[in-house]
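Reading the structure
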Amino acid sequence: MPTYRLGRGDDRFVSSDTPDWSDNSAVYAGSGDDELVIAGGNSVRLFGGTGDDTVLFDQFRESTACGGAGDDVMSGIAFDSTVKGGSGDDDLAAFGSGNTLSGGTGDDTLTIGGQRISEGRVHGGAGDDLLRGGGFRDNRFDGGAGDDRFETFSAGVSVFGDVATGNLITGGRGHDSFSVSNRNRATVQDDTNGRLDPGEVVRSVMDVITDYRTGEELEFGATELVTDVTLAPDVPPGTSVVQLAAGDFAINRGDYLGDGSFRLDARGDDTLILYHQAGDDSPFTGSLVLLDVTRTDWIAVG
Ligand SMILES: [Ca+2]
Ligand SMILES: [Ca+2]
Ligand SMILES: [Ca+2]
């Protein structure tokens, strides 16, 4: 497990040009504006140190990259890895499942993505951060202190309807804004009248905001509030699917049951927003849960 110490100055380190580079290698770039180009590696550790560092990784597995102080740029394809910006205004991106991004202090930009990714964890830390991305189920975004912006998407794997938590979003302290995009088949079992009624349970892949506060801006691509949501019989028998016209959204009170299930109840503790993005000609519906929000006049749709 070789360890490379680059010391002071603006260094460039390329793993493919480095003899003995292997799993478990560690690189300490030291001070200066360093550039690390890393191809492959399990359990690799990278430390940018002070200075504005650039770290590019590819097929990074169960590895860690720390930018240290300075405005660092770190990005690439990774799995089950951790990328920490440290202090400074960092730009971090990881494409693949199971990655954790931590911005630390400073106004950071954090992006996760990739084909059907899951189990991403994104922590903005202090500062006004931009948290972006998403994928399939169970990706979590936590803005931390500061006025953060979230730009997220989620979807099921199957057009026949998945039931799961999509993106779990926590704004943290500050006045945060949320732009969400979720497209799925939202279903109800054993509907009798083609309408949503108290006691019925909507199931889908649902995004959840855990700490939405009054006046925080929500965007989901639909701005026309409607009061009636219709249901159409679908397959398998007994299943009905939510239908909304493009550009429409509806606000429903009830209780979030977890894992993409929401029971309608006029005295419930939570809110479910169902929406159909303007210009979207698919049959899919977006679902956004606001935990512990019951006042519709709190909700600011931009
Ligand atoms: Ca640095
Ligand atoms: Ca931050
Ligand atoms: Ca915040």
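A brief structural summary. (Residues numbered from 1 in each chain as written. Chains lettered and ligands numbered in written order. Predicted model: local features only at pLDDT ≥ 70, side-chain atom pairs only at ≥ 80, totals over all residues.)

Points about the overall build of the chain
Scanning the chain for helices and strands turns up zero helices and 30 strands. For the chain, the C-alpha atoms occupy an extent of roughly 70 × 40 × 30 Å along the three principal directions. In the chain, buried positions account for 47% of the 302 residues. Excluding contacts between residues fewer than 6 apart, the proportion of contacts in the chain whose partners are at least 24 apart in sequence is 38%. (Helix = DSSP H or I, 4+ residues; strand = E, 2+ residues; numbered from the N terminus. Buried ≥ 20, exposed ≤ 12 C-beta atoms within 10 Å, placed from the backbone. Contact = placed C-beta atoms within 7 Å.)

Thoughts on unusual backbone geometry
For the peptide bond that leads from Val235 to Pro236, omega is -5°, which places it in the cis range. For Glu62, which is not glycine, the phi dihedral falls at a positive 45°. Position of Glu62 relative to the elements: it lies in the loop between strand S6 (54-61) and strand S7 (64-66). Its identity as a non-glycine residue notwithstanding, Asp80 has a phi of 50°, on the positive side. Mapped onto the secondary structure, Asp80 falls in the loop between strand S8 (73-79) and strand S9 (82-84).

A look at the sheet that holds strand S4 (residues 35-39)
Note: strands within a sheet are paired through backbone hydrogen bonds, in either parallel or antiparallel orientation. Here we have eleven strands laid out as an open sheet, ordered S2-S4-S6-S8-S10-S12-S14-S16-S18-S22-S30, and parallel in their pairing. The sheet terminates laterally at strand S2 (12-14) and strand S30 (300-301), the two strands that pair on one side only. (Pairing = 2+ DSSP bridges.)

A look at the nonpolar core
Among the nonpolar cores identified, the biggest contains 62 residues, and Leu46, Val242, Leu274 and Val289 are the most heavily contacted of them. What Leu46 contacts, discounting residues up to four positions off in sequence, is Val27, Leu36, Ile38, Val55, Ala65 and Cys66. (Core = buried A, V, L, I, M, F, W, Y, C linked by C-beta atoms within 7 Å.)

Quick notes on the pairing of strand S14 (residues 130-135)
Alignment of strand S12 (residues 109-113) against S14, held across four bridges, turns out to be parallel. Bridging across to S14, Thr111 finds its partner in Arg132. Inspection of the sheet shows S14 paired to strand S16 (residues 149-155) by six bridges, in the parallel sense. Considered in S16, the bridge of Leu131 is made with Phe150.

Side note on the pairing of strand S29 (residues 286-290)
Of all five residues making up S29, five are buried, and the element is well covered by its neighbours. By the alternation rule, side chains of S29 split into Gly286, Leu288 and Leu290 and Ser287 and Val289, which are all buried. Bridge count between strand S21 (residues 205-209) and S29: three bridges; the pairing is parallel. Residue pairing across strands places Asp207 opposite Leu288, the latter belonging to S29. Alignment of strand S28 (residues 270-275) against S29, held across five bridges, turns out to be antiparallel. Bridging across to S29, Ile273 finds its partner in Leu288.

Points about the environment of Asp259
Positionally, Asp259 belongs in the loop between strand S26 (248-258) and strand S27 (261-264). Residues Asp259 and Ala164 lie 95 residues apart in sequence; the distance between their C-alpha atoms is 4.4 Å. With near-sequence residues (within four places) excluded, Asp259 lies in contact with Val163, Ala164 and Thr165.

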